[in-house]
Amino acid sequence: MIEVLDIEPSGHLGRDVVVLHLKVAWPADGDVTSDRSNVTAQRLGLQVQDGLITDIRDLPADHLIELLFFEGCPNHEAFLPRLRALLDDLGIHVPIRTIEVPTEDAARAHRFLGSPSLRIDGRDVEPGADHRDDYALQCRLYRTPDGVRGAPPDQWVRDALAGHESP
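Because the structure is a prediction, the values reported are computed rather than measured.

Mind showing me how you'd approach the side chain of Glu66 here?
Take Glu66: it is sitting in strand S5 (residues 65–69). There is a polar contact of 3.2 Å between the side chain of Glu66 and the side chain of Arg97. The contacts of Glu66, once residues within four sequence positions are left out, are Lys23, Arg97, Ile99, Ser117, Leu118, Arg119 and Gly122.

Spelled out as structure tokens, the structure:
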């Protein structure tokens with residue numbers, strides 16, 4: 001599955017270049033029946049002349065940051081500004097893709113563990129969450145070394161951005 005997340009003109013790459021931000025997902029281990037998948041962010045630079053694509057270049061990918069929630073979740077509303085501030089402090093300037101999960105069917109389809117759920121490059125920031133399957137339209141509680149919280153701790157976000165899990 002390939003999903004276009006954003007399309008932008010790119011003056012710094014040339015006047016006739018368009019940049020596509022993509023989310024690419026494919027089944028884990030080639031098993032199309034698995035509900036687990038591999039997900040990556042991809043950026044492509046498209047050279048366009050006379051309305052036709054004449055060249056495609058692979059560009060360094062930004063992090064894919066997805067925040068899943070259901071409408072009215074107080075923890076989502078409080079977490080989003082904190083997440084934006086954390087990313088800004090880390091010098092990471094990529095869009096946060098917010099995904100509303102409105103129904104139980106959508107919760108299963110999105111592998112939604114509750115609101116809010118944060119995924120970096122397709123992986124939930126909570127250590128061990130890849131092994132869970134309790135998908136539902138529910139508030140999410142995070143069991144952290146500092147107690148139960150309604151949003152993931154900053155260290156989990158930092159670790160996910162660095163590509164490793166917290167202990």
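Looking at this structure, I do not really get helix H3 (residues 154–162). What am I missing?
The periodicity of an α-helix, 3.6 residues per turn, causes residues three or four places apart in sequence to face the same way. Listing the buried residues of H3 in full gives Trp156, Val157, Asp159, Ala160 and Leu161. Against S5, helix H1 (74–89), strand S7 (117–120) and strand S9 (142–144) lie the buried residues of H3. With its phi angle positive at about 90°, Gly163 sits one or two positions after the end of H3.

What's the story with the environment of Cys139 in this structure? I'm lost.
The topology assignment puts Cys139 in the loop between strand S8 (123–124) and S9. On the basis of relative accessible area, Cys139 is assigned to the partly exposed category, the value being 48%. Separated by 63 residues in the primary sequence, Cys139 and His76 have C-alpha atoms spaced 9.4 Å apart.

About the cut-offs
Residues numbered from 1 in each chain as written. Predicted model: local features only at pLDDT ≥ 70, side-chain atom pairs only at ≥ 80, totals over all residues. Heavy atoms only, no water. Helix = DSSP H or I, 4+ residues; strand = E, 2+ residues; numbered from the N terminus. Polar contact = N/O pair within 3.5 Å; in protein donor to acceptor, adjacent residues only side chain to side chain. Contact = heavy atoms within 4.5 Å. Buried < 20%, exposed > 50% of the residue type's maximum accessible area, 1.4 Å probe, protein only.

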